[in-house]
Amino acid sequence: MTVQITDAFDGGNIVVRSLENLEQIQLEIRKDAQSDFYQWFYYRLSGARGQECVMKLTNAGGAAYAPGWTGYQAVASYDRKTWFRVATSYRDGALTIRHRPERDAVYYAYFAPYSMERHADLISRMIMDARVRLTVPGRTLDGQDLDVLEIGNSDRARAKKIWVIGRQHPGETMAEWLIEGMLERLLDRNDPVARVLLEKAVFYVAPNMNPDGSRRGHLRTNAVGTNLNRAWAEPDLKTSPEVFLIRAEMQKTGLDFCLDVHGDEELPYNFVATAQGIPSWDDRLHDLTERYKTALVAASPDFQTEKGYPSVAPGKANLTMCTSWVSEHFKALALTLEQPFKDTTATASPVYGWSPARAKILGRAQLDAVFAVIDQL
Ligand SMILES: [Zn+2]
């Protein structure tokens, strides 16, 4: 049987350099379009059942966050549902994945993928609940719809406006897994936290801010190489329509809290980055931030507050980023939630690492933290 490797599907990314010897497969990760960013990979290997495969990603050393490869294990799946970790090592600028497939076809990826087809399924499943409204504020440069789900108290004058967005960086698929878990809990009619929140608030949720980068298999940018999380100060329809449209939508609805969900290549922890360092930072925003973090620690042992990014000095916030721009503009609590590509350190799961199932549970826990701050927002 001929051995094949392909990335010609939703979210795929790999370039095959050599496939002659299974123990010396040479691959490269493709750069994001019109950009030097790359790190996301996703491909299918077929025809190698029972044979030892050594796959070398030879350009790993030039990836966006090369230190992220240290201690990293790639994920693999036969059934496209369960993604398990496979032996991976990083040396001399190359990432080497060793695996003996037990089936005729196997997928490998940087993290469990979340395809645009799955995104479409999520939106359709959500709108089957009559409480959910869908808004499409516009389209991306590749012509895909930008989806915003609206759930909760329709008395907008009275309700708190809570925005949740994910995948500005499309390779951070764990963001959409997390949001899927949060949405499922929000619609559980037996969950008292969800019921109270939907009474007090209206949620605006954009599970995928970057459909083009997602479908193209990008790590960090949209169809024309824009890093959306550096476009919040001056978005435009030519290079960052995703931010332009969502920002305008936020200004239309108002905003009392924004959670921007991401993944971090390097740090083996879940943590939040805050809007500390914006001109309007004050005791109220500080207290709300601390209250949210404390409630999330209580709700999930997978979350912690000891490790994270260094704190930002007063006045030094980068206002091109969502969390800082939103917090400054609306004088509201805004947080960037980071999840690991690797695993959590204190609550590690060696077979799966950080995973879709665990991201979804952390998504559910966000509602406990929102519940802890809702009356102060
Ligand atoms: Zn990110």
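Every chain is numbered independently, its residues counted from 1 as its sequence is written. The predicted origin of the model limits local features to residues at a pLDDT of at least 70 and limits the giving and counting of side-chain atom pairs to 80 or more, whereas totals for whole chains, interfaces and linings rest on all residues. Values shown for side chains rest on all heavy atoms present in the structure; no hydrogens or waters enter the calculation.

Within the protein chain, the secondary structure is distributed over 8 helices and 17 strands. In this setup the radius of gyration rests on C-alpha atoms only. A globule is expected at 2.2 Å times the number of residues raised to 0.38. Over its C-alpha trace the protein chain gives a radius of gyration of 21 Å, about what one expects of a compact globule, namely 21 Å for 377 residues. Its C-alpha atoms give the protein chain principal-axis dimensions of roughly 65 × 45 × 45 Å. With a 1.4 Å probe rolled over the protein chains alone, any residue whose accessible area is under 20% of its type maximum counts as buried; one over 50% counts as exposed, and the rest are partly exposed. In the protein chain, buried positions account for 58% of the 377 residues. In this description a helix means any DSSP run of H or I spanning at least four residues, a strand means any run of E spanning at least two, and both kinds are numbered starting from the N terminus.

Within this structure's numbering, the places UniProt gives as "domain: Peptidase M14" (unreviewed entry) are residues 112-377. Overall, residues 112-377 shows 36% helix and 18% strand. The separation of its end C-alpha atoms is 34 Å. UniProt positions are given in the numbering used here, feature names are shortened, and annotations may be inferred rather than shown by experiment.

Let us look at the state of the cysteines. Working definition: a disulfide is two cysteine sulfur atoms within 2.5 Å of each other. Applying the stated rule across the entire model yields 0 disulfides. Looking at Cys 258, it has no disulfide partner, and the nearest cysteine sulfur is the one in Cys 322, 4.1 Å off. Overall, Cys 258 belongs to the buried group, its relative accessible area being 0%.

With that settled, consider the coordination of the zinc ion. We call an atom a donor if it is N, O or S and sits within 2.8 Å of the metal, or 3.2 Å for Na, K and Ca. Water is not counted, so some sites may look partial. Taken together, His 169 (ND1), Glu 172 (OE), Glu 172 (OE) and His 262 (ND1) make up the protein donors of the zinc ion, found 2.1 to 2.4 Å from the metal. Under the classification used here, a metal with four donors is tetrahedral if each angle lies between 85 and 135 degrees, square planar if opposite donors are over 155 degrees apart and the others between 65 and 115, a six-donor metal meeting that same test is octahedral, and anything else is irregular. Because the angles between the 4 donor atoms bound to the zinc ion fall within 56 to 146 degrees, the donor set is best described as irregular. If you list the donors of the zinc ion from N- to C-terminus, the spacing comes out as H-x2-E-x89-H.

Right, let's get into the pairing of strand E2 (residues 15-18). Whether two strands pair depends on DSSP finding at least two bridges between them. The sheet contact formed by E2 and strand E3 (residues 25-28) spans 3 bridges and is antiparallel. Counterpart to Ser 18 in the pairing with E3 is Gln 26. Here E2 folds back onto E3 in antiparallel fashion, the turn holding 6 residues.

By volume, the largest pocket amounts to about 820 Å³. In terms of lining, the largest pocket is formed by 40 residues, of which the most central are Val 272, Ala 273, Thr 274, Tyr 309 and Pro 310. It is helix H6 (residues 283-299) that provides the largest number of residues to the lining of the largest pocket, a total of 4 residues. Classifying every residue of the lining of the largest pocket gives 12 nonpolar, 16 polar and 12 charged. A cavity, in this analysis, means grid points on a 1 Å lattice covering only the protein atoms where a 1.4 Å probe fits yet has no way out; a pocket is instead an open set bounded by protein on both sides within 12 Å along at least five of seven lines, and a residue lines either one if it has an atom within 4 Å of a point. Grid points are joined across faces, edges and corners, and a volume is the space filled by probe spheres set on the points. Counted as a void, the second largest pocket has a volume near 450 Å³. Every residue lining the second largest pocket is counted, 20 residues in all, and those nearest its centre are Arg 80, Lys 81, Trp 83, Arg 118 and Trp 177. Put simply, the parts of the chain that give the lining of the second largest pocket at least two residues each are helix H1 (116-127), helix H2 (174-186) and helix H8 (356-373). The greatest single-element share of the lining of the second largest pocket, amounting to 4 residues, is contributed by H1. Note that Gly is not counted as nonpolar here; it falls among the polar residues with everything else outside the nonpolar set of Ala, Val, Leu, Ile, Met, Phe, Trp, Tyr, Cys and Pro and the charged set of Asp, Glu, Lys and Arg.

Across soluble globular proteins, nonpolar side chains show a tendency to be buried alongside one another. Phe 41, Tyr 43, Trp 69, Phe 203 and Tyr 292 are the most contacted members of the largest nonpolar core, which totals 85 residues. Of the residues forming this core, the biggest block, 8 residues, is contributed by H2. Domain delimitation in this document rests on an assignment produced automatically or drawn from a domain database. For this core, the domains that each give at least three residues are domain 1 (4-109) and domain 2 (116-376). Listed in part, the 24 residues of the second largest apolar core include Ala 159, Ile 165, Leu 245 and Ala 334. Residues belong to a common nonpolar core when they are buried Ala, Val, Leu, Ile, Met, Phe, Trp, Tyr or Cys residues joined through side-chain atoms within 4.5 Å.

Looking now at the packing of H2 against H8. Interaxial angle, 0 to 180 degrees, is taken between N-to-C directions of lines fitted to C-alpha atoms, where a helix line uses only the stretch in contact. Put simply, H2 and H8 touch, their axes get as near as 7 Å, and they point 50 degrees apart. When the axes of H2 and H8 are compared, the pair comes out oblique. In terms of crossing hand, the pair formed by H2 and H8 is right-handed. Residues Met 174, Trp 177, Leu 178, Glu 180, Gly 181, Met 182, Glu 184, Arg 185 and Leu 186 of H2 lie in contact with H8, whose contacting residues are Pro 356, Ala 359, Lys 360, Leu 362, Gly 363, Arg 364, Ala 365, Gln 366, Leu 367 and Asp 368. In terms of residue class, the contact of H2 with H8 is made up of 10 nonpolar, 3 polar and 6 charged. Any angle that falls under 35 degrees is termed roughly parallel, while one over 145 is termed roughly antiparallel, one within 65 to 115 roughly perpendicular, and all others oblique. Crossings are sorted by hand: turned counterclockwise from the far helix by less than a right angle, the near helix makes the crossing left-handed, and turned clockwise it makes it right-handed. Note on contacts: a residue pair qualifies if any of its non-hydrogen atoms lie within 4.5 Å across the two residues.

Moving on, we get to the sheet that holds strand E1 (residues 4-6). Whether parallel or antiparallel, the strands of a sheet pair through hydrogen bonds between backbone atoms. Read from one edge to the other, the open sheet built from 5 strands follows the order E1-E4-E10-E6-E7, with strand pairing classed as antiparallel. Edge positions in the sheet fall to E1 and strand E7 (84-86), since each has one partner strand and no second. The average angle at which neighbouring strand axes cross in this sheet is 30 degrees, direction not considered.

Taken as a whole, this structure holds 1 cavity of 30 Å³ or more when the rule is applied. In this model, the largest cavity occupies a volume close to 90 Å³. Surrounding the largest cavity, 15 residues form its lining, Gly 11, Trp 40, Tyr 114, Arg 167 and Ser 214 being those nearest its centre. By residue class, the composition of the lining of the largest cavity is 5 nonpolar, 8 polar and 2 charged. No fewer than three residues from each of domain 1 (4-109) and domain 2 (116-376) sit in the lining of the largest cavity.

In summary, the pairing rule links any two rings of Phe, Tyr or Trp, Trp by its six-membered ring, whose centres are within 6.5 Å, and it sorts them by plane angle into stacked for under 30 degrees, edge-to-face for over 60 and tilted for everything else. Summed over the entire model, instances satisfying the criterion amount to 21 aromatic pairs. Between Phe 257 and Tyr 292, the ring centres sit 5.2 Å apart and the planes meet at 45 degrees, which makes this aromatic pair tilted. With Phe 257 in strand E15 (residues 257-264) and Tyr 292 in helix H6, this pair connects stretches of sequence that are 35 residues apart. Pair check on accessibility: Phe 257 and Tyr 292 agree, each one buried. A positively charged side chain is recorded as over a ring if its NZ (Lys) or CZ (Arg) lies within 6 Å of the ring centre. The angle to the ring normal must also be within 35 degrees. The ring centre of Tyr 107 lies 4.8 Å from the NZ or CZ of Arg 80, which sits over that ring. Sitting over the face of the ring of Tyr 78, Arg 103 holds its NZ or CZ atom 5.9 Å from the ring centroid.

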